[in-house]
Amino acid sequence: MPEAKIAPSILAGDFANLEYECKRMMKCGSDWLHIDIMDGHFVPNLTIGAPVVTCIRGALPKGDSFFDCHMMVSEPERWVDDFAKAGSDLYCFHYEATTEHEALIDKIHAAGMRAGCAIKPKTPASAVFDLVPKLDMVLVMTVEPGFGGQKFMRDCMPKVEALRLKFPELDIEVDGGLSIDTIDFAADAGANVIVAGTGVFRAQDPQEAIAALRTAVNK
Ligand code: DX5
Ligand code: ZN
């Protein structure tokens, strides 16, 4: 299994101080920064777009920090070039948001980013099996996308297990309700990229929380 990567979701941070929050998470030992992009259409919530990602990238130069952009948007094809220009490292689209998966993956790679594909709780893991050879990551959602602070859905773990069994070297990300209390379910199933919003930002000691998540995955 690939090494653990801990990706705090800045959605749980203070949006009035995004630069400070991103730098704080990097100092606390984050491997990646998870940036949640919501369009009010694919999900019933709005967050930020490429202009804000450009600003954060201006404050955290490429190479210093890895931007994992989780695109909860309809028509994910539309934003590939903007996010590449903004300095995104990974563009993770939702399987449910397009029918032209392979063309989209090619477009993301051609723009110079890694390509990820996310599946909602009701989408089976088998939906992405044929895409995996082209993908850099699969994200198995462990809540319905749209909001931070929801309860971890343990019943999504068989999907992680199925993916890990078939693809031992794949980066498998989980997102939603991850914390020290739920990490063992995800780690035992085979997830290695761990998104945590509330679980890190609301922890008494975020540095300790990030370290504990990493230890649970690498054990
Ligand atoms: C939910 C987002 C998540 C969210 C996670 O739609 O994709 O990344 O910020 O937040 P927590 O860890 O609080 O569930
Ligand atoms: Zn997310």
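The model shown is predicted, which means the values in this text are computed figures rather than measured ones.

Caption draft 1: Spatial organisation of the coordination of the zinc ion (ligand 2). Protein coordination at the zinc ion (ligand 2): the donors are H34 (NE2), D36 (OD), H70 (ND1) and D175 (OD), at 2.1 to 2.3 Å from the metal. If you look at the zinc ion (ligand 2), its 6 donor atoms make angles of 71 to 171° with each other, and the shape they trace is octahedral. If you list the donors of the zinc ion (ligand 2) from N- to C-terminus, the spacing comes out as H-x1-D-x33-H-x104-D. Separated by 34 residues along the polypeptide, D36 in strand β2 (residues 32–38) and H70 in strand β3 (residues 66–72) bring together distant segments of the chain.

Caption draft 2: Spotlight on the environment of H70. The buried category is assigned to H70, whose relative accessible area is 0%. Separated by 32 residues in the primary sequence, H70 and M38 have C-alpha atoms spaced 8.4 Å apart. In this view, H70 contacts H34, I35, D36, I37, C92, H94, A118, L139, M141 and D175; residues no more than four positions away in its chain are not counted. Within the local environment of H70, its side chain forms a polar contact with the side chain of D36, the two groups lying 3.1 Å apart.

Caption draft 3: Looking closely at the side chain of R57. Examined against the element boundaries, R57 turns out to sit in helix α2 (residues 50–59). There is a polar contact of 2.7 Å between the side chain of R57 and the side chain of D89. Not counting residues up to four positions away in its chain, the partners in contact with R57 are K62, S65, F67, A86, G87 and D89.

Caption draft 4: Spotlight on the environment of N45. Among the structural elements, N45 can be located in the loop between β2 and α2. Linking N45 and P145, residues 100 residues apart in sequence, is a C-alpha distance of 9.4 Å. Filtering out sequence-adjacent residues up to four positions away, N45 remains in contact with M38, D39, G40, G146 and F147.

Caption draft 5: Inspection of the nonpolar core at higher detail. The biggest cluster of nonpolar side chains holds 64 residues, and the ones touching the most others in it are F83 and I194. The residues touching I194, leaving out its near neighbours within four places in the chain, are K5, I6, A7, V174, L178, I183, L213 and V217.

Caption draft 6: A look at the site of ligand 1. In the region of ligand 1, 20 residues are neighbours, and D36, G146, D175, G197 and T198 sit closest. In the model, an oxygen atom of ligand 1 is placed 3.3 Å from a nitrogen or oxygen of the H34 side chain. G177 is positioned such that a nitrogen or oxygen atom in its backbone is 2.8 Å from an oxygen atom of ligand 1. In the complex, the protein chains occlude 99% of the 380 Å² of accessible area that ligand 1 would expose alone. For the shell around ligand 1, the secondary-structure elements that each account for two or more residues are β2, β3 and β8 (193–196). Sort the elements by how many residues they give to the shell around ligand 1 and β2 lands first, with 3 residues.

Procedures and definitions
- Residues numbered from 1 in each chain as written.
- Chains lettered and ligands numbered in written order.
- Predicted model: local features only at pLDDT ≥ 70, side-chain atom pairs only at ≥ 80, totals over all residues.
- Heavy atoms only, no water.
- Donors = N, O, S within 2.8 Å, 3.2 Å for Na, K, Ca; no water.
- Tetrahedral: all angles 85-135°; square planar, octahedral: opposite > 155°, others 65-115°.
- Helix = DSSP H or I, 4+ residues; strand = E, 2+ residues; numbered from the N terminus.
- Buried < 20%, exposed > 50% of the residue type's maximum accessible area, 1.4 Å probe, protein only.
- Contact = heavy atoms within 4.5 Å.
- Polar contact = N/O pair within 3.5 Å; in protein donor to acceptor, adjacent residues only side chain to side chain.
- Core = buried A, V, L, I, M, F, W, Y, C linked by side-chain atoms within 4.5 Å.
- Near = heavy atom within 4 Å.
- Areas by Shrake-Rupley, 256 points an atom, 1.4 Å probe, with all protein chains shown as cover.

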